[in-house]
Amino acid sequence: MLMQGKRGLVVGVANKWSIAWGITQKLAAEGAELALTYQNERMGRNVRELAETLEKPLLIPMDVTSDKQVIMTFELLKRVWGHLDFLVHAVAFAPREALDGQFVATSREDFRIAHDVSAYSLTALANSAQPLMGEGGSIIALTYLGSTRVIPNYNVMGVAKAALEASVRYLAADLGPQGIRVNAVSAGPIKTLAASGIAGFGSKMRHHRDRAPLRRDTETEEVADASLFLLSPMSRGVTGQVLYVDGGYCIMGD
Ligand code: NAP
């Protein structure tokens, strides 16, 4: 029970295939008390249904692009829990037309949206979380190899993930003196709702399976295990890092 007595917020559960839901289940099994957010009422129904399997979950509507909703979420956590031990950031979005064809054609507005939702939101959440974390805590964000390599059609999302990973390092430096650690988990391709918006995702998965040293798909549960490690005291000496959970794909030259 690595997370017994710990309370945390998970942002990014959309449905049962969400990586954030895999992480949530793992954390719950290890004794954590959880708060989940959902972006809108349509997704709220899914999240409420999933949350029925958790013990005393808090469910909060929050669009990460709204400063007001972010502030209200942490006010509620302060009122109800008074304290926060961990935060999981598993949100990303770019308009569909930006995830197909050439990166060079990305519009200013699509670039802004992708960075606002997928990168800036981590800083906004970390800034609101820090007063609740007191003397220590752990924050993780989900990222992807498209941040450092050119992955066809990943386009502006890769640029946003590069900003997210740089944010992880700056946040780790700012918050480290308070005992708050900030890390990222870089997952191999997994079939989820967000992934279905990327053109040619199926062929990316096949390529991954053929080339990764472990010669298989990345599983949500192994991403959840690595997340548990980074959120638990087992990783107490680790901050500012990107941990790859991709069957070793990222080490290959071709
Ligand atoms: P997912 O289930 O579709 O989760 C994405 C989440 O982002 C959804 O819950 C979505 O909520 C949320 N979101 C989007 N815009 C939002 C906003 N403005 N405010 C609040 N929430 C918002 O897909 P996933 O693959 O598990 O994605 C989770 C994270 O893992 C993402 O950061 C993704 O980039 C990362 N990742 C995924 C893969 C992969 O292959 N699947 C690989 C590496 C990293 P709504 O559905 O309500 O919009």
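The coordinates are above.
Residues numbered from 1 in each chain as written. Predicted model: local features only at pLDDT ≥ 70, side-chain atom pairs only at ≥ 80, totals over all residues. Heavy atoms only, no water.

Trainee: Can you walk me through the side chain of Glu 165 in this structure?
Mentor: Relative to the helices and strands, Glu 165 is located in helix H5 (residues 155-175). In this structure Glu 165 is buried but unpaired, with Arg 169 as the nearest side chain of opposite charge at 5.0 Å. Ignoring sequence-local partners within four residues, the contact set of Glu 165 consists of Thr 143, Tyr 144, Ser 147, Thr 148 and Val 242. (Helix = DSSP H or I, 4+ residues; strand = E, 2+ residues; numbered from the N terminus. Buried < 20%, exposed > 50% of the residue type's maximum accessible area, 1.4 Å probe, protein only. Lys, Arg positive; Asp, Glu negative; His and termini not counted. Salt bridge = Lys/Arg side-chain N within 4 Å of Asp/Glu carboxyl O. Contact = heavy atoms within 4.5 Å.)

Trainee: What is the right way to read the packing of helix H3 (residues 67-80) against helix H4 (residues 108-133) from this model?
Mentor: To characterise two packed helices, one gives the angle between the axes of the helices and the distance between these axes. The geometry of H3 relative to H4 is characterised by a closest axis approach of 10 Å and an angle of 20 degrees between their N-to-C directions. In terms of orientation, H3 lies roughly parallel with respect to H4. By crossing handedness, the relation of H3 to H4 is classed as right-handed. For the pair H3 and H4, contact is made by Val 70, Phe 74, Leu 77 and Lys 78 and by Ala 124, Leu 125, Ser 128, Ala 129 and Leu 132, respectively. Class assignment for the residues of the contact of H3 with H4 results in seven nonpolar, one polar and one charged. (Axes fitted to C-alpha atoms, helices over the stretch in contact; angles between N-to-C directions. Parallel < 35°, antiparallel > 145°, perpendicular 65-115°, else oblique. Left-handed = near helix turned anticlockwise from the far one by under 90°. Nonpolar A, V, L, I, M, F, W, Y, C, P; charged D, E, K, R; others polar.)

Trainee: I tried to follow the pairing of strand E5 (residues 137-143) on my own but got confused; where do I start?
Mentor: Residues in a regular strand project their side chains so that they alternate between the two faces of the sheet. For E5, the buried fraction is high: seven of the seven residues fall into the buried class. Neither face of E5 is exposed, since Gly 137, Ile 139, Ala 141 and Thr 143 on one face and Ser 138, Ile 140 and Leu 142 on the opposite face are all buried. Here strand E4 (residues 86-89) runs beside E5; their pairing, made up of four bridges, is parallel. By the bridge assignment for E5, Leu 87 is matched with Ile 139. A crossover connection joins E4 to the parallel E5 through H4; in handedness this β-α-β unit is right-handed. Bridging between E5 and strand E6 (residues 180-187) involves seven bridges; their strand directions are parallel. For Ile 140, the partnering residue across the bridge sits in E6 and is Asn 183. (Pairing = 2+ DSSP bridges. Right-handed = clockwise from strand over helix to strand, strands pointing away.)

Trainee: Quick question: what am I supposed to make of the site of the ligand here?
Mentor: Inspection of the region around the ligand gives 29 residues, with Ser 18, Gln 39, Lys 161, Ile 190 and Thr 192 positioned closest. Within the backbone of Gly 12, one N or O atom sits 3.0 Å away from an oxygen atom of the ligand. Ala 14 has a polar backbone atom sitting 3.5 Å from an oxygen atom of the ligand. Across the complex, the protein chains shield 92% of the 880 Å² of accessible surface that the ligand would expose by itself. (Near = heavy atom within 4 Å. Polar contact = N/O pair within 3.5 Å; in protein donor to acceptor, adjacent residues only side chain to side chain. Areas by Shrake-Rupley, 256 points an atom, 1.4 Å probe, with all protein chains shown as cover.)

Trainee: Looking at this structure, I do not really get the packing of aromatic side chains. What am I missing?
Mentor: The geometry of an aromatic ring pair comes down to the distance between the two centres and the angle between the two planes. Within the structure shown, the criterion is met by one aromatic pair. With centroids separated by 4.8 Å and ring planes inclined at 70 degrees, the aromatic side chains of Tyr 144 and Tyr 154 adopt a geometry described as edge-to-face. One end of the pair, Tyr 144, is in the loop between E5 and H5; the other, Tyr 154, is in the loop between E5 and H5, and ten residues separate them in sequence. Note on Tyr 144: relative accessible area 13%, which makes it buried. For Tyr 154, a relative accessible area of 7% corresponds to the buried category. The ring of Tyr 38 carries the charged tip of Arg 48 above its face, separated from the ring centre by 5.7 Å. (Phe/Tyr/Trp six-rings, centres within 6.5 Å; stacked < 30°, edge-to-face > 60°. Lys NZ or Arg CZ within 6 Å of the ring centre and 35° of its normal.)

Trainee: Which parts of the structure should I look at to understand the pairing of E6?
Mentor: Of all eight residues making up E6, eight are buried, and the element is well covered by its neighbours. The alternating pattern of E6 places Ile 180, Val 182, Ala 184 and Ser 186 on one face and Arg 181, Asn 183, Val 185 and Ala 187 on the opposite face, and all of these are buried. As for the winding sense of the linkage, the β-α-β connection from E5 through H5 to E6 is right-handed. Direction of pairing for E6 relative to strand E7 (residues 242-245): parallel, over a ladder of four bridges. Pairing of Ala 184 across the sheet is with Val 242, part of E7.

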